[in-house]
Amino acid sequence: MKQTKEKDITAYSKEDLELTEEVLQKLLLWYQSARRDLPWRKTKDPYCIWISEIMLQQTRVEAVKEYYHRFLKVLPTVSHLAEASEETVLKLWEGLGYYSRARNLKKAAQQIISEHNGEFPRNFDAIRKLSGIGDYTAGSISSIAFDLPTPAVDGNVLRVMSRVLNDFSDITLTKTKKDMTALLSLVYPQKQCGDVTQSLMELGAMVCIPNGQPKCEECPLTDCCRAKQEGTVEQLPVKTEKAKRKTQKKTVFLLQCGEEYALRKRTEKGLLSGMWELPNCEGIFTEKQIASLFSNVLLAEKIGSYRHIFTHIEWEMECYRIIIAEKLPDYVWETEATIKEKYALPAAFRPFWEKR
Ligand code: SF4
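Residues numbered from 1 in each chain as written. Predicted model: local features only at pLDDT ≥ 70, side-chain atom pairs only at ≥ 80, totals over all residues. Heavy atoms only, no water.

J.: Describe the overall build of the protein, and please don't skip the residues or the numbers.
T.: Per the secondary structure count, the protein includes 15 helices and seven strands. By residue count, 50% of the 356 residues in the protein fall in the buried class. Long-range pairs, those at least 24 residues apart, make up 71% of the contacts in the protein between residues at least 6 apart in sequence. For the protein, the exposed area adds up to about 17900 Å²; of that, 50% sits on carbon and sulfur atoms. (Helix = DSSP H or I, 4+ residues; strand = E, 2+ residues; numbered from the N terminus. Buried < 20%, exposed > 50% of the residue type's maximum accessible area, 1.4 Å probe, protein only. Contact = heavy atoms within 4.5 Å. Areas by Shrake-Rupley, 256 points an atom, 1.4 Å probe, with all protein chains shown as cover.)

Below, the structure is given as structure tokens:
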């Protein structure tokens, strides 16, 4: 791993180093009894750990469990994933969002087949080179599956460590993440590395939780946490505000002809690239404008409004059910059963689809 002992960690003092070492030892002990019984913690298979780590990014543990079991049932190995059609992978991912992650999983599986003879690479640098895998995921797979001393530093770990060290560095900066990774690399034990990684994650998820409400009274680090001692817990971590999301208005159509519904594929670039969607157009259209868009209309009615929030943008949508007498050529027309079975419809459109 690149984050090694040669790395400059002048951002931290000798006392910081000693405290971090103490923290990892205490967490390791605590984790033995406090760990949650999660399906991906019952295996050392790097493939399963990889799938769970990608699913867990931005999604709640409870929601991931079902996806995890379903995905591994259909695609139990790297070869199955590499050979699966993109539609199959996206369908298994449907509802998790961030569909580029699912596509990258498939690409990385193909890389493992072509560059590593189908065997999951066993070191940080090789794992880091796989499609869609960054420092955090490479660190977590290397430590959990192969017991390598490779920290995995995400927002949870940064929050815990900022508080423990009473560190007011801005955790949204890459430098802060790099410094923290270097610090942890220096004191990571040579054994039980996977448990150390997971104990930090577990404390961040269950005890040292965000938004100024950590459960310090239950925390195994109460005696050594500097923020607790200094009374600065609620000021940490320091995070610069993200730019405000832009809003886009859209009119969406649940377009039906007989037993079939219209879908179309989004372009290969940008938000939800290459995904299937309900027909829609930019802006909120009046009923008169909508009437001019379609011919042979048997029914046109508004069925709802909905706001969908993506990372950097939000869609404010109004949806109309339009029943027409003749299919329009610009769309793919499928029955409800086929759409359910084969097409992954992004969460942004699902509230309208559910009203069909
Ligand atoms: S004592 Fe409180 S602030 Fe410090 S690590 Fe534990 S939960 Fe977080």
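Once you've had a look at it, read on.
J.: Just give me the short version of the domain arrangement of the protein, but keep the residues and values in it.
T.: In terms of domains, the protein is made up of domain 1 (14–235) and domain 2 (246–353). Every contact between the two is made by seven residues of domain 1 and, on the other side, 17 residues of domain 2. Together domain 1 and domain 2 conceal approximately 870 Å² of surface at their shared face, both sides included; 45% is due to carbon and sulfur atoms. Per-residue buried area on domain 1 facing domain 2 is highest for Glu87, Lys91 and Tyr99; these three make up 52% of the total on that side. The salt bridge involving arginine 350 is made with glutamate 94; its shortest N-O contact spans 2.5 Å. Within the residue set of the side of domain 1 that touches domain 2, elements represented by two or more residues are helix H5 (86–93) and helix H6 (99–115). Considering each element in turn, the side of domain 1 that touches domain 2 owes the most residues, three residues, to H5. Here the side of domain 1 that touches domain 2 is built from residues that sort into three nonpolar, no polar and four charged. (Domains from an automatic or database assignment. Buried area = accessible area lost by both parts, 1.4 Å probe. Salt bridge = Lys/Arg side-chain N within 4 Å of Asp/Glu carboxyl O. Nonpolar A, V, L, I, M, F, W, Y, C, P; charged D, E, K, R; others polar.)

J.: So, unusual backbone geometry: which residues are in play, and what are the values?
T.: With an omega of 0°, the peptide bond running from leucine 236 to proline 237 counts as cis. If you trace the backbone, proline 237 turns up in the loop between helix H12 (226–230) and strand S1 (246–257). Of note, the phi angle at asparagine 117 is positive, near 50°, even though the residue is not glycine.

J.: Can you lay out the site of the ligand for me, pointing to particular residues and giving the numbers?
T.: Around the ligand, a shell composed of Arg163, Val164, Val207, Cys208, Pro214, Cys216, Cys219, Thr222, Cys225 and Val233 is seen. The class makeup of the residues in the shell around the ligand is eight nonpolar, one polar and one charged. (Near = heavy atom within 4 Å.)

J.: I'd like a rundown of the state of the cysteines, residues and numbers included.
T.: In total, this model carries zero disulfides according to the counting rule given. The cysteine cysteine 281 is free of any disulfide, with cysteine 319 supplying the nearest cysteine sulfur at 11 Å. Judged by relative accessible area, cysteine 281 falls into the buried class, the value being 18%. (Disulfide = S-S within 2.5 Å.)

J.: Before we move on, can you summarise the nonpolar core with the specific residues and values?
T.: Within the largest apolar cluster, 62 residues are counted, with the highest numbers of intra-cluster contacts made by Trp50, Phe71 and Leu81. With seven residues, helix H2 (residues 46–56) is the largest single contributor of residues to this core. Both domains that furnish three or more residues to this core are identified here as domain 1 (14–235) and domain 2 (246–353). Apart from the residues lying within four places of it in its own chain, the contact partners of tryptophan 50 are Leu81, Leu105, Ala108, Ala109, Ile112, Phe120, Ile133 and Ile141. (Core = buried A, V, L, I, M, F, W, Y, C linked by side-chain atoms within 4.5 Å.)

J.: Any details on the side chain of serine 131? Residues and values, ideally.
T.: Looking at the element boundaries, serine 131 is found in the loop between helix H7 (124–128) and helix H8 (135–146). Within the local environment of serine 131, its side chain forms a polar contact with the side chain of asparagine 104, the two groups lying 3.0 Å apart. (Polar contact = N/O pair within 3.5 Å; in protein donor to acceptor, adjacent residues only side chain to side chain.)

J.: So what's going on with the pattern of salt bridges? Residues and values would help.
T.: Throughout the structure, instances matching the rule amount to 26 salt bridges. The residue glutamate 202 makes a salt bridge to arginine 41 at a minimum N-O spacing of 2.6 Å. Of the two residues, glutamate 202 is situated in helix H11 (residues 193–206) and arginine 41 in the loop between helix H1 (14–34) and H2; the sequence distance between them amounts to 161 residues. The class for arginine 41 is buried, based on a relative accessible area of 15%. The partner of glutamate 301 in a salt bridge is arginine 321, with the nearest N and O atoms 2.8 Å apart.

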